[in-house]
Amino acid sequence: MSDSTLYDIVELGDPRLRVLALPVDLTRLQEALEVVQAMESRMQERGGVGIAAPQIGVGQQIMIIASKPNARYPDAPHMKPMVMFNPVPFNYSDHKVTLWEGCLSVPGIRGKVTRSDSVSVRYADNTGKLQEIRLDGFPARIFLHEYDHLVGKTFVDRVDSVTDLVTDKVYFKQMSTSVS
Ligand SMILES: [Zn+2]
């Protein structure tokens, strides 16, 4: 792999999106933080609200959740970006919500996906310290989307029907129709 493609966004169909990510060795935190930095750059360049390491070709259990409004997600709430190493979800809420999702690895496509509205997570933070948090609403949605990347899935695997897949162009047209 040449340097110019190192840490490029990996797209749907690439086998690196299908592997089970391995736990981060927290005794080698510096190396993991270098991956985090590359992930952050890619996420910001592309207007993402979250990213998982397999999306830049790194098969490790690392994700960033960073909800904020932007052109791709105009209604996203502001939150301080969270880095999670080795996240383990538990206590998925029975209450589920169906929403449109996009993905940096599936450019130009949105899919309607049903997920729990809240979930608890145990993880190590960017200093290697173990944490536990309850996520609700959009941050929970981002977490569950990114967690899928750590187990070799994308949102395309989660849609009930192929009719729940649309292009960004159609999606934004529908959005503007629904608010007018
Ligand atoms: Zn994604």
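Note that the structure is predicted; figures quoted are calculated from it, not measured.

> Provide a residue-level description of the packing of aromatic side chains, including the pertinent values.
In this structure the tally under the stated criterion is four aromatic pairs. For the ring pair Tyr73 and Phe138, a centre distance of 6.0 Å and an interplane angle of 55 degrees mean the geometry is tilted. Taken together, the residues span a long stretch of sequence, with Tyr73 in the loop between strand S2 (62–65) and strand S3 (82–90) and Phe138 in helix H2 (residues 138–150) at a distance of 65 residues. Classification of Tyr73 by relative accessible area gives buried; the value is 11%. On the basis of relative accessibility, which here comes to 22%, the residue Phe138 falls in the partly exposed class. Their ring planes at 75 degrees and their centres at 5.1 Å tell us that Tyr171 and Phe172 sit as a pair that is edge-to-face. On the basis of relative accessible area, Phe172 is assigned to the partly exposed category, the value being 31%. These aromatic residues form a ring-pair network of at least three members: Trp100, Tyr171 and Phe172. A cation over an aromatic ring shows up here: Arg110 above the ring of Tyr73, its NZ or CZ 4.9 Å from the ring centre. The ring of Phe90 has Arg122 lying over it, and the distance from NZ or CZ to the ring centre is 4.1 Å.

> Can you break down the sheet that holds S3 residue by residue, with the values?
Across the sheet, five strands lie side by side as S1-S2-S3-S6-S7; this open sheet has antiparallel pairing. The open sheet has two free edges, formed respectively by strand S1 (50–52) and strand S7 (130–136), since each of these has just one partner strand. The average angle at which neighbouring strand axes cross in this sheet is 40 degrees, direction not considered. Of the pairings in the sheet, the one linking S1 to S2 comprises three bridges and is antiparallel in character. Considered in S2, the bridge of Ile51 is made with Ile64. Sitting on the sheet, helix H1 (residues 29–46) touches S1, S2 and S3, and the angle it makes with S2 is about 45 degrees. Packed onto the sheet, H2 meets S1, S2, S3, strand S6 (118–124) and S7 and runs at close to 160 degrees relative to S2.

> So what's going on with the coordination of the zinc ion? Which residues, and what values?
At the metal site, the zinc ion is ligated by Cys103 (SG), His145 (NE2) and His149 (NE2), and these contacts range over 2.1 to 2.2 Å. For the zinc ion, all donor residues lie on one chain, and their spacing in sequence is C-x41-H-x3-H. Separated by 46 residues along the polypeptide, Cys103 in the loop between strand S4 (96–101) and strand S5 (109–116) and His149 in helix H2 bring together distant segments of the chain. Across this residue pair, the class does not change: Cys103 and His149 are buried.

Cut-offs and rules
- Residues numbered from 1 in each chain as written.
- Predicted model: local features only at pLDDT ≥ 70, side-chain atom pairs only at ≥ 80, totals over all residues.
- Heavy atoms only, no water.
- Phe/Tyr/Trp six-rings, centres within 6.5 Å; stacked < 30°, edge-to-face > 60°.
- Helix = DSSP H or I, 4+ residues; strand = E, 2+ residues; numbered from the N terminus.
- Buried < 20%, exposed > 50% of the residue type's maximum accessible area, 1.4 Å probe, protein only.
- Lys NZ or Arg CZ within 6 Å of the ring centre and 35° of its normal.
- Pairing = 2+ DSSP bridges.
- Axes fitted to C-alpha atoms, helices over the stretch in contact; angles between N-to-C directions.
- Contact = heavy atoms within 4.5 Å.
- Donors = N, O, S within 2.8 Å, 3.2 Å for Na, K, Ca; no water.

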